[in-house]
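Geometric and topological summary
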Amino acid sequence: MRWEGNRESDNVEDRRDDEGGGSPVFGGRSIGIGTIVIALIGGWVLGINPLTILGALSGGAPAHVQTHQGPAHKPPADDHLARFVSTVLADTEDVWRDVFRQGGARYVDPKLVLFRGATHTACGTGQSAMGPFYCPADQKVYIDLGFYETLKNQLGAPGDFAQAYVIAHEVGHHVQNLLGISAQVDRARGRVSKVEYNHLSVKLELQADCLAGVWAHHAQNARQILEQGDVESAMNAAAKIGDDALQRASGGAVVPDSFTHGTSAQRQRWFSTGLRMGSVKACDTFSAQTL
Ligand SMILES: [Zn+2]
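Just so you know, these numbers come straight off a predicted model, no measurement behind them.

How each quantity is defined
- Residues numbered from 1 in each chain as written.
- Predicted model: local features only at pLDDT ≥ 70, side-chain atom pairs only at ≥ 80, totals over all residues.
- Heavy atoms only, no water.
- Disulfide = S-S within 2.5 Å.
- Helix = DSSP H or I, 4+ residues; strand = E, 2+ residues; numbered from the N terminus.
- Buried < 20%, exposed > 50% of the residue type's maximum accessible area, 1.4 Å probe, protein only.
- Pairing = 2+ DSSP bridges.

Brief notes about the state of the cysteines
The final tally for this structure, using the stated rule, is two disulfides. Here cysteine 123 connects covalently by a disulfide to cysteine 135, the sulfurs 2.1 Å from one another. Taking the sign of the torsion about the S-S bond as the criterion, the disulfide between cysteine 123 and cysteine 135, at about 90°, is right-handed. Taken together, the positions of cysteine 123 in the loop between strand S4 (118–121) and strand S5 (124–127) and cysteine 135 in strand S6 (residues 133–135) put the pair 12 residues apart, joining distant regions of the chain. Comparing cysteine 123 with cysteine 135 shows no difference in burial state: the two are buried. Here cysteine 210 is linked by a disulfide to cysteine 283, with a sulfur-sulfur distance of 2.1 Å.

Now the structure itself:
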């Protein structure tokens, strides 16, 4: 991916050196790239059953939480990976500002928070183990950059464009938030069965994949960011974080009703649809006949 020298965003908040402390707050809901991903990874790293970790994630209290006080500070200039995500974020800002303007609306930039371990969010305590996620309540994307090591080494998805896809997917959730789509899905919570809610969650996630593709489409047109093998690396990442692939990799049975993010094939298809079409309308996973 060609990105060196492109604009970096001012909306990056570096909390990686913040002191710990404070008490965790639970509540709200955040949307990640896949909780199962993380439970699985945690399982590998810690050598315990992923389901135990899932239980701990939803019920347990973290020991150490970063607090954030005072003004946000930017990552150091010599931090290559931080500069990379900052440049990708800036590119999503340029694309989505344009797309919203053309649709007669105004795009509000999200913030990107870099943290280590755990940090406070308006959706409760964010933990590295959850993987990158977006919190609608504070309009911030949270990422522990260590996730990229996991993506490359544990999940077998290397490549900078695969890393960019992760950011673009989370920004896709921000776009859904601005468009009121996530709120509609959230309202269905508790009113529909668990299985039906999971299906809605899959549609929301596949739409975020498609919106990541829409970003890539416009970024490519405007700035020719793509290099040989880039699209393949993102498609590979989409496949590696499909629910079926993760369930299979964790040694468990593949249970479609438990899917919350979509299969590998679906994630690839929707990212590719967004990339090809470059329009939000093409990302209507909610009225699509087939996912
Ligand atoms: Zn997601």
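Here's the deal with the pairing of strand S3 (residues 111–114)
Direction of pairing for strand S1 (residues 12–14) relative to S3: parallel, over a ladder of three bridges. Paired with valine 12 across the bridge in S3 is leucine 112. Summarising the sheet, S3 and strand S7 (residues 140–143) pair through four bridges and their orientation is parallel. For valine 113, the partnering residue across the bridge sits in S7 and is tyrosine 142.

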